[in-house]
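Observations on chain architecture
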Amino acid sequence: MKLFHSITDFHSTKKTILTLGTFDGVHIGHKKILERITQNTENGKYESLVLTFFPHPRMVLQEKSEIKLLNTISEKSKLLKETGIENLVIHPFDESFSRLTAEEFVSTILVDQFHIQKIIIGYDHRFGRNRTANIDNLIAFGAQYGFEVEQISAQEIQDVSVSSTKIRKALLDGNMALANEYLGYSYFLTGEVVKGKQLGRTIGFPTANIQIEEDYKLIPKTGVYVVKTLIDQKEIFGMMNIGFNPTVNGQKQTIEVNLFDFDGTIYGEKLQISLLKYLRKEQKFGSVDLLKEQLNLDKKTALEFVENL
């Protein structure tokens, strides 16, 4: 997959079959559209292209928006690459771009820059200044400028419409089963292993502290999770705590992973941690011994879950 950081960076001698949107999560609804794009370009006559934006439009257009995203830019790029898309354009979204009228967007970007042959979009797509243009306007532009428009219906995407908003809510509720079903993969966090207070070692549960650089990444509900990661091509399971360590009077939110059957040194490494199941809320224990007792129970529950995968 070729990656471009601006619309004007993209050049091709072939016409394109494209889709556009924020694609936050690259969930199963998005994949219906992406599969259709790759099916349309299998013969090599046209090139597949995804146009997406960063920052998320809501970050720019809504002054008090504190939206958290399911994917960082690098995570989204990785997920889109796995779909077989040939070209990904991540265009900087700003106020001047948002002021383009629907016709300006179609004529200068889709037609002049991307040499569009066909656009495939979801049933609810809106575009142009103030998102005033809809599928009917797009079909009219297609007739005017000579490109095809294909719409994916809500029914096709799923009987229950999948949306990034619903996935965000499921994650904040600790409903990993629903979130992962909608995503089509296990939600994951990507971060660097940094040194923590190393209190876990003293009670037999050494942890890797995960530091996530991107502050816009959605961190799920605080609590204990069953997780897995890949180290040196080996799948390793464990349990993770997202929270404040109230038993030892922690003040700052941390993400700590206890990896089962692993004792290597991984400081400075970047790990992708997949969240498989929410086990319980974080709680304050009367003593470190009571905390240790609960962690042993958590580990037992986690191992039983892993055995049944």
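First, a word on scope: everything that follows refers to the structure included in this document. (Residues numbered from 1 in each chain as written. Predicted model: local features only at pLDDT ≥ 70, side-chain atom pairs only at ≥ 80, totals over all residues. Heavy atoms only, no water.)

Here the focus is the sheet that holds strand β1 (residues 2-4). In any sheet, the strands associate via hydrogen bonds between backbone groups, in a parallel or an antiparallel arrangement. What the 6 strands build is an open sheet, ordered β1-β4-β3-β2-β5-β6; its pairing is parallel. Two strands in the sheet have a free side with no partner beyond their single neighbour: β1 and β6 (148-152). Geometrically, the sheet is characterised by an average inter-axis angle of 20° between neighbouring strands, direction not taken into account. As paired elements, β1 and strand β4 (residues 87-92) share 3 bridges and run parallel to each other. Across the sheet, Phe4 pairs through a bridge with Val89, a residue of β4. (Pairing = 2+ DSSP bridges. Helix = DSSP H or I, 4+ residues; strand = E, 2+ residues; numbered from the N terminus. Axes fitted to C-alpha atoms, helices over the stretch in contact; angles between N-to-C directions.)

Okay, helix α9 (residues 176-183) next. Since there are 3.6 residues in each turn of an α-helix, residues three or four apart along the chain are aligned in direction. Those residues of α9 that fall on the buried side of the exposure criterion are Met176, Ala179, Asn180, Tyr182 and Leu183. Each buried residue of α9 sits inside an arc of 160° when the element is viewed along its axis, so together they form one side. Those residues of α9 that are buried are in contact with α1 (28-40), α8 (164-172), β9 (223-231) and β12 (270-280). Positive backbone phi, at 85°, marks Gly184, one or two positions downstream of α9. (Buried < 20%, exposed > 50% of the residue type's maximum accessible area, 1.4 Å probe, protein only. Arc of directions from axis to C-beta. Contact = heavy atoms within 4.5 Å.)

Glycine aside, negative phi is the norm for most residues, and most peptide bonds take the trans geometry. A cis geometry characterises the amide bond from Phe54 onward to Pro55, with omega recorded as 0°. Tracing the backbone through its elements, the reader meets Pro55 in the loop between β3 (47-54) and α2 (57-61). A positive phi is found at His115, a non-glycine position, where the angle reads about 45°. Position of His115 relative to the elements: it lies in the loop between α5 (102-113) and β5 (116-122). Given a relative accessible area of 37%, His115 falls into the partly exposed group.

Glancing now at the packing of α5 against helix α6 (residues 135-145). The relative placement of two packed helices comes down to the angle between their axes together with the axis-to-axis distance. At a minimum axis separation of 11 Å, α5 and α6 run at an interaxial angle of 50°. In terms of axis orientation, α5 runs oblique to α6. Judged by the twist between their axes, the crossing of α5 over α6 is right-handed. For the pair α5 and α6, contact is made by Ala102, Glu103, Val106, Ser107 and Val111 and by Leu138, Phe141, Gln144 and Tyr145, respectively. (Parallel < 35°, antiparallel > 145°, perpendicular 65-115°, else oblique. Left-handed = near helix turned anticlockwise from the far one by under 90°.)

Turning our attention to the pattern of salt bridges. Summed over all chains, the structure comprises 9 salt bridges. Note that Glu95 is salt-bridged to Arg99, the shortest N-O span being 3.8 Å. Residue class for Glu95 comes out partly exposed when judged on its relative accessible area of 45%. Judged by relative accessible area, which is 45%, Arg99 ranks as partly exposed. With a shortest N-O distance of 3.2 Å, Glu304 and Lys300 are connected by a salt bridge. Taken together, the residues span about one helical turn, with Glu304 and Lys300 both in helix α11 (residues 288-307) at a distance of 4 residues. The exposure class of Glu304 is partly exposed, given its relative accessible area of 40%. Overall, the relative accessible area of 51% leaves Lys300 in the exposed class. (Salt bridge = Lys/Arg side-chain N within 4 Å of Asp/Glu carboxyl O.)

Here we take up the environment of Gln113. Among the structural elements, Gln113 can be located in helix α5. Distance in space between the C-alpha atoms of Gln113 and Glu256 is 46 Å, their sequence separation being 143 residues. Every residue in contact with Gln113, bar those within four places of it in the chain, is listed here: Ile7, Thr8, Phe10, His11 and Thr108.

Let us look at the sheet that holds strand β11 (residues 254-259). Spatially, 6 strands are ordered β7-β8-β11-β10-β9-β12 in a closed barrel, and the strand pairing comes out antiparallel. For this sheet, the mean angle separating the axes of adjacent strands, direction not counted, is 45°. With 3 bridges joining them, strand β7 (residues 188-194) and strand β8 (residues 208-211) adopt antiparallel strand pairing. Counted as the bridge partner of Glu192 is Gln211 from β8. In this fold α9 packs onto β9 and β12, with an angle of close to 135° to the strand it touches most, β12. Along the sheet, α11 makes contact with β9, β10 (234-243) and β12, crossing β12 at roughly 100°.

Quick look at the packing of aromatic side chains now. This structure, assessed with the given rule, holds 10 aromatic pairs. Judged by centre distance (6.2 Å) and plane angle (50°), the ring pair of Phe105 and Phe127 falls under tilted. Taken as a pair, Phe105 in helix α5 and Phe127 in the loop between β5 and α6 lie far apart in primary sequence, 22 residues in all. Classification of Phe127 by relative accessible area gives buried; the value is 5%. Among the aromatic residues, those joined into a cluster by ring pairs are Phe53, Phe93, Phe97, Phe105 and Phe127. Between Lys217 and the ring centre of Phe188, over which it is positioned, the NZ or CZ distance is 5.5 Å. (Phe/Tyr/Trp six-rings, centres within 6.5 Å; stacked < 30°, edge-to-face > 60°. Lys NZ or Arg CZ within 6 Å of the ring centre and 35° of its normal.)

Distances and angles like these do not, on their own, reveal function.
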